[in-house]
There are 2 protein chains.
Amino acid sequence: MTKFVYSFSEGDRSMSELLGGKGANLAEMVSMGLPVPPGFTITTRACQVYLRTGAQPDELQGQIDRSLIELEESMGRVLGDPGDPLLVSVRSGAKFSMPGMMETVLNIGLNDLSVVGLARVSNNEHFAWDSYRRLVQMFGKTVLGISGEPFEERIDAAKESQGAAADVDLSVAAMQTLVTEFKEIIEQETGTQFPQDPKEQLAGAIHAVFDSWNTERARIYRRREHIPHDLGTAVNVQAMVFGNAGASAAGLGSGSGVAFTRDPATGERGVYGDYLSDAQGEDVVSGVRNALPLNSLDEIDPDSYVQLMGHMKNLEAHYRDLCDIEFTVERGKLWMLQTRVGKRTAAAAFRIAKSLVDEGMISLDEALLRVTGEQLAQLLFPRFDVDAESTLIGQGTNASPGAAVGEIVFSSEAAVAKAAQGTSVILVRRETTPEDLGGMVAATGILTSRGGKTSHAAVVARGMGKTAVCGAESLRIDVKKGEMTTSQGQTLRAGDVVSIDGSTGEVFLGSVPVTESPVVTLFESGVRKALEGADEETAELIAAVDRLMAHADSKRRMGVRANADTGPDAARARRMGASGIGLLRTEHMFLGERRQLIEDLILASEDSERETALQALMPLQRSDFTEILTAMDALPVTIRLIDPPLHEFLPDRVELAVKVAVDTERGTANESDIKLLNAVNRLSEQNPMLGLRGVRLGLVLPGLFAMQVQALTEAACDLLKKGGNPKPEVMIPLVGSIAELSVITTEVQRVIDRVLQERGITLKIPVGTMIELPRAALIAGDLAELAEFFSFGTNDLTQTVWGFSRDDVEAAFFSRYLDLGIFPVSPFESIDVEGVGQMVKRGVKKGRAARPGLSCGVCGEHGGDPASIHFFDSIGLDYVSCSPFRVPVARLEAGRASVAPANSHLNM
Amino acid sequence: MTKFVYSFSEGDRSMSELLGGKGANLAEMVSMGLPVPPGFTITTRACQVYLRTGAQPDELQGQIDRSLIELEESMGRVLGDPGDPLLVSVRSGAKFSMPGMMETVLNIGLNDLSVVGLARVSNNEHFAWDSYRRLVQMFGKTVLGISGEPFEERIDAAKESQGAAADVDLSVAAMQTLVTEFKEIIEQETGTQFPQDPKEQLAGAIHAVFDSWNTERARIYRRREHIPHDLGTAVNVQAMVFGNAGASAAGLGSGSGVAFTRDPATGERGVYGDYLSDAQGEDVVSGVRNALPLNSLDEIDPDSYVQLMGHMKNLEAHYRDLCDIEFTVERGKLWMLQTRVGKRTAAAAFRIAKSLVDEGMISLDEALLRVTGEQLAQLLFPRFDVDAESTLIGQGTNASPGAAVGEIVFSSEAAVAKAAQGTSVILVRRETTPEDLGGMVAATGILTSRGGKTSHAAVVARGMGKTAVCGAESLRIDVKKGEMTTSQGQTLRAGDVVSIDGSTGEVFLGSVPVTESPVVTLFESGVRKALEGADEETAELIAAVDRLMAHADSKRRMGVRANADTGPDAARARRMGASGIGLLRTEHMFLGERRQLIEDLILASEDSERETALQALMPLQRSDFTEILTAMDALPVTIRLIDPPLHEFLPDRVELAVKVAVDTERGTANESDIKLLNAVNRLSEQNPMLGLRGVRLGLVLPGLFAMQVQALTEAACDLLKKGGNPKPEVMIPLVGSIAELSVITTEVQRVIDRVLQERGITLKIPVGTMIELPRAALIAGDLAELAEFFSFGTNDLTQTVWGFSRDDVEAAFFSRYLDLGIFPVSPFESIDVEGVGQMVKRGVKKGRAARPGLSCGVCGEHGGDPASIHFFDSIGLDYVSCSPFRVPVARLEAGRASVAPANSHLNM
């Protein structure tokens, strides 16, 4: 027989999968001897059966009945007993916290008779009838699915007729009338009576909690948080205790509070929390009444305060982390209602982790697991100066982090035009569509009044690394009128300046000063510089980050390189802790003033013209390479030969065709435009991503790759002669067959050998390949016979494995896919382990089988994504490469991956 | 010790890999007791060592020496003996025939002394000195690598000074002078003497044959013929016999001939061949002198003739196939010099195969293996009427089969313009480039004067299924002048009509009448109709094709379906033997007049407009489905829901933008163009292939798929009520994740169930998925939980596995890739077994593991390609689907795959 019900005295916190987080932690507190109102937990497995079959498992009812009897015995009261009723609460509790998403029913056990008994034994008629009123209302809404409105209407009417400000001010008689009216509502709406049988109440509440797992809002929440839909929720049935049982006699008062064992905002040591007399927990959390600081309990009820302090100390020592608790004092008796490891800000996470190490409570390894790369990333963004004055005018979802200041524009065209003049703009739209893409690229930040973290604006902004606040609903945006109106009635127009905080979702009026993160200063300039003039809080943060980064570096197995294309980028990457360059995109050297040279190359119709164009590019490439190899002296630099299709360097086809047509109409068309248009037409491709690029270009356009390799080898020789230690590596892009690689590596090697021989220099320049096509991964064993290293290009691999181009689909349908739950997260943000990841894994395995010890890295943007880094660690990659700014994040996550338990990436 | 040398008496014809085709067949003839001049074969393995290391294996020389002694003993003469020299030939012989590609050296053993002996014993001084002259010349060219020119110059000078018409007319003295001069040329060019030592001659000749394996022309030939480069060639050293030893006395005459055991052109029974008195084999083949019909030997030398007829009968019985032989008569003694299974035309292949079955020589299974799908395909093309008068004006490579007649045009623009007026045109270019694509699409046929089967024109034409003749070098094409001049000096201009035969490479002046193939009539209308008025040759062909097709159908495991989108296509496919439709592309129903309706759908800005557009399309779709389901009554019809990106239905973006810009300039722009341009811009994608299409469209555009499924289900219901037996299947395109499939199949099933319920009809409509993305193949096990069938879309799978788009790369670099040997054949023509094929194999395996018996088919164009069909059979696919015209080819090849030995597809 399956055990579907566990008493709180039977479980422990390791059982959260079965008992839910709340139930497991209650059981843990019981096992620690803390005062927890007794109760039992119905398992998630029971919920799963219920959801799958539509009925609770056969054995469940008997187990509930037996556990209820035990509960009644331990409390010395019987559920719904007319004389002295036991009341219970029924609360959800899933494995992962889903705050506010699921249902709760309190005060079960009250009926027309037991309410009288409760009034008598509590000596508080108001409390008893208020509790009954709450039960009927909650049962109607939650269990019977009646809208909340008719209930609220009656309460409002009662308050009005009594001149009462709050519910609590209503008279007992009014409460009794409300109970009667509520029961009538239930009968009207459902045709059934409010159940007087407490067991019927209990069964209904349990099923309501089960059902609430599958509400629309719960499903949406789970999709966003990547929580599987099949987990189900546990249900906790617990004896009620009452913080609202009156604040009367000294030492016999009641109240509720929430508390943290240290400050979750800053990580500072010392308890922290709120307390409210004569109140239930909900009252504290909702903020309806102003709560007192936690230490006020010391004066109100010193005994309970001392006990509480002791319990909190025990909890932190036991959980070895910041704990977040809820408690209630009922007539002078302290009850612990909930505990869990508390959420915290990014800065607090670092400070707490270091602090716990200093206190000897956890090891450095454990400390590493208490912080995340995403938290570190948050600390790297510039922030609005907290000390500066600012006027908050709106609050939305923190859709894409950063701090952006700019003039409001209401259209993509205006954004492009203003940005072209050098003005920072914030693109303000009700919501964005693919037509807004140009404006999003041009804008400094994006602000919308509709949509959340999976809206088009949010998805695209994150993809671009652009600051965005979405769904700021209090702002009324009228794009046609060109107006944005705040809830205070203030109207902003195009040209007005706003500041948006993508990390908090806040929108401010005017320009708020932005400050550089002290953590960036730490990485850029070292700990001493970062500590200069820092306040204590900042100093502690810097010390914590420094300590944990050092530990991550000492523990990580994987190297971290950077993707960088210029000397300054390379230098910055090195300061950020990169141990080399994993991807140098040589095509980025063809932009700006050199565009003309590459145009000459493309337009060359004869070999001699092409040769001239290549010769003109050579010295420029050589000096680029010199600069970067110097910045990365003694560290490996992986140079990718030119990859994109050539027409990317030419003007836009539509624009040019229109220009030539209009000029022709005006009789002002010029020969060079026409020649250029012919070339653009000739090189135009239906699907450039799948066209003439990468190794194909090298095979079709003679001399291009050779020029690049010659420039590189010469640069390396020059440096070596000057006493440097250049470590270049040549990487061939977009290889799909062994023959392609063979032809090109032969040519590359020939050029290297020739230059080295001419210069009389000995230098090993490894030649490797990117693995960025499915076919390359499939034949990785063959490729490894020739390639001296592999670098997985997971951007392109994602595009080909899924068959979608990032340019097109992120804007067109990713937000819809995220909403439908088809992706938990964009596969361009975090690697698709099931598809793309399997290709990478296979490639590594086959490559190393053919060439033991083959160096394998990743140079797609996944190299900076925490979950992806853990996956790459699990399949044995040697290094990840990411943008210079993400290098610290990758170092931290690589360290975390090394100390994390096996397979932990699967839960990332 | 490795055995590198085999006497002819040691091998047999199964050993062609080791001994080469020639050596193995010589050994076979020896084992049959036929009179073969003795000799030995040096193995391909020796050649492989030589090519790899640059030197012959250590053991080889000893083995050659011993074999030479045996040869000398069996002939009773010694190599180069001054009195009565043994002479030997040294010939290449690879596993696969490479006619004319490699080297031969004859008359080895002659030197300044032995030539005198030979003159004496042959009693023919002229013969002896001519042989010596040939040796020195051949040795200089072949072994020493001297250009042929200086030798030819001396011969021409000698002929001129003697007034001799042919080499053979030169006097003995002239021959002797030539030998002296030739030896001087050798000394001048190489600084060494012509070797007098016969063993040195032999060794040099053997190495020259080895080296000739890697000449440029040999490598190019192998690439074209898909022969691996690492096989190497064997070398046959054989005692010389002389057909040019004089035609003197009756019964002691000499001569050479070639013969076939039946007619290789038609397959007709009865020997067939040529004979030339006093000649060597080369003289017969080269056609320098007019040969006599084979049966003239009966008069010249009846004994030899009777012997020859006996040997040929034995050979055909032994090989059980048409044999092609070379023989020599030396002074009345018949020698068999070579045999092999003879090449034949497509028609002959079918007739011979059936004939051999009728004669009881081979089984029907074997007969199936004697014909190929490509041969059948050749028989299906329309041909120029052989009886019609025609003027041949050029001959090129048969680059892409078919018969095309049209007016000459010299530019892509002219082709497009003429074709738009309804004129058939032949695009004539020196060679084609990607800029000619538009013209190639518009033209009926393509003719170039440069390039072979892998040229741009040939590759692209084959991809389009368009008739092409390439590299017709005798035609001088001057595109600028707009002239094409024949070798007879006739000049053709634009507008002149030519006829080109892509199956033979012939170019005719004027319009040659085209006739439908009788084999097509056989398939279209049955055997009786096809035989009406057929001549005997045609009748025999029809009977042969009919018999072999029937056997293929009875043997094949795989079904053959057709890709068809209209009622007439479906009906034709059924006549061609299709057992259903494997791919019905519903988007093809949106073309023509209905384009406006789909435009309305795309431009709809509100749900109601979209709904209206969908409702307008519904009845049209329903009647399409009715027509096709009727044509395929009782057979499965797989309907693919709309797949391409919507902008494919809209006007070209560049053209429209130019039109709007120019109209605006003129003040004539209209609102609807502007609106359309906005829509085109909005829907425009960087990489449409990787964009919003397939299942993504179904998920993003509400109601589209539902409309199609409703139309389909209603059509099926209507037919069922009328007594029909419709068998529709719904196929979801471009699925990459289980969630996509789940959402869509749920919607599809809902629509099907609703319609069936409304109509009160019970009908099973399976819902399946295409596997056309790498990710789909990777997660095929999961997909099979939901999908009721799989259809592999190998076109798209090839594009994503390789990361290239067919539209772009075939034109841009495939010809270069074929030339470089990177592809043996375009992966769009024949499936890439190593890459794409592995994905298909894996998909089938995983799919069937999850859903035993899962139906798996292929609907890419590979479904009609012979090699691909064999591969698909080997991995257990249930059916292939191809264009209606390829259905017979696929049936034949599916039958061949069933009777072929395992793994034979690897050698296809």
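Shown above is the structure to which this text applies.
Values in this document were obtained by computation on a predicted structure and should not be read as measured data. (Residues numbered from 1 in each chain as written. Chains lettered and ligands numbered in written order. Predicted model: local features only at pLDDT ≥ 70, side-chain atom pairs only at ≥ 80, totals over all residues. Heavy atoms only, no water.)

A. Fine view of the packing of helix α3 (residues 60-75) of chain A against helix α8 (residues 198-212) of chain A. All names here are of chain A. Running from N to C, α3 and α8 point in directions that differ by 120°, and their axes come no closer than 12 Å. With respect to their mutual orientation, α3 and α8 come out oblique. Crossing geometry of α3 relative to α8 is assigned as right-handed. Contacts between α3 and α8 involve Leu-60, Ile-64, Asp-65 and Leu-68 from the first element and Lys-199, Leu-202, Ile-206 and Phe-210 from the second. Considering only residue class, the contact of α3 with α8 consists of 6 nonpolar, no polar and 2 charged. (Axes fitted to C-alpha atoms, helices over the stretch in contact; angles between N-to-C directions. Helix = DSSP H or I, 4+ residues; strand = E, 2+ residues; numbered from the N terminus. Parallel < 35°, antiparallel > 145°, perpendicular 65-115°, else oblique. Left-handed = near helix turned anticlockwise from the far one by under 90°. Contact = heavy atoms within 4.5 Å. Nonpolar A, V, L, I, M, F, W, Y, C, P; charged D, E, K, R; others polar.)

B. Broad picture of the relation of the copies chain B and chain A. Rotating chain B by 180° and moving it 0.0 Å along the rotation axis overlays it on chain A with an RMSD of 0.1 Å. The superposition of one copy onto the other is thereby described by a two-fold rotation axis. Taken together, the interface assignments show that 100% of the residues at the interface of chain B recur at the interface of chain A, consistent with an identical surface on both copies. (Least-squares fit on C-alpha atoms with pLDDT ≥ 70 in both.)

C. Layout of unusual backbone geometry. For Asn-107 of chain A, which is not a glycine, the phi torsion comes out positive at approximately 65°. Under the relative-accessibility criterion, Asn-107 of chain A is labelled buried at 1%. (Buried < 20%, exposed > 50% of the residue type's maximum accessible area, 1.4 Å probe, protein only.)

D. Quick look at the side chain of Ser-131 of chain B. Summarising the element assignment, Ser-131 of chain B is placed in helix α5 (residues 125-143). Every residue in contact with Ser-131 of chain B, bar those within four places of it in the chain, is listed here: Asn-107, Leu-110 and Phe-242 of chain B.

E. Geometry of the environment of Asp-278 of chain A. Residue and element names in this part refer to chain A. Within the fold, Asp-278 resides in the loop between β9 (269-277) and α10 (281-286). Here Asp-278 falls in the partly exposed class, since its relative accessible area comes to 30%. Spatially, the C-alpha atoms of Asp-278 and Thr-328 are 9.7 Å apart, while their sequence positions differ by 50 residues.

F. Layout of the pattern of salt bridges. Residues and elements named next belong to chain A. Applying the stated rule across the entire model yields 100 salt bridges over all chains. When the shortest N-O distance is used, the salt bridge between Arg-572 and Glu-524 registers 2.6 Å. Taken together, the positions of Arg-572 in helix α22 (residues 567-575) and Glu-524 in helix α19 (residues 518-525) put the pair 48 residues apart, joining distant regions of the chain. Relative accessible area serves as the criterion here: at 26%, Arg-572 is assigned to the partly exposed category. (Salt bridge = Lys/Arg side-chain N within 4 Å of Asp/Glu carboxyl O.)

G. Quick look at the packing of aromatic side chains. The tally for this structure, following the rule as stated, stands at 44 aromatic pairs over all chains. Considering the side-chain rings of Trp-802 of chain A and Phe-804 of chain A, the 5.3 Å spacing of their centres and the 15° angle between planes classify their relative orientation as stacked. In this structure, Trp-802 of chain A and Phe-804 of chain A share a single accessibility class: buried. Members of the aromatic cluster, joined through ring pairs, are Trp-802, Phe-804, Phe-813, Phe-814, Tyr-817, Phe-823 and Phe-828 of chain A. Lying over the aromatic face of Tyr-6 of chain B, Lys-3 of chain B brings its terminal NZ or CZ to 4.7 Å of the ring centre. (Phe/Tyr/Trp six-rings, centres within 6.5 Å; stacked < 30°, edge-to-face > 60°. Lys NZ or Arg CZ within 6 Å of the ring centre and 35° of its normal.)

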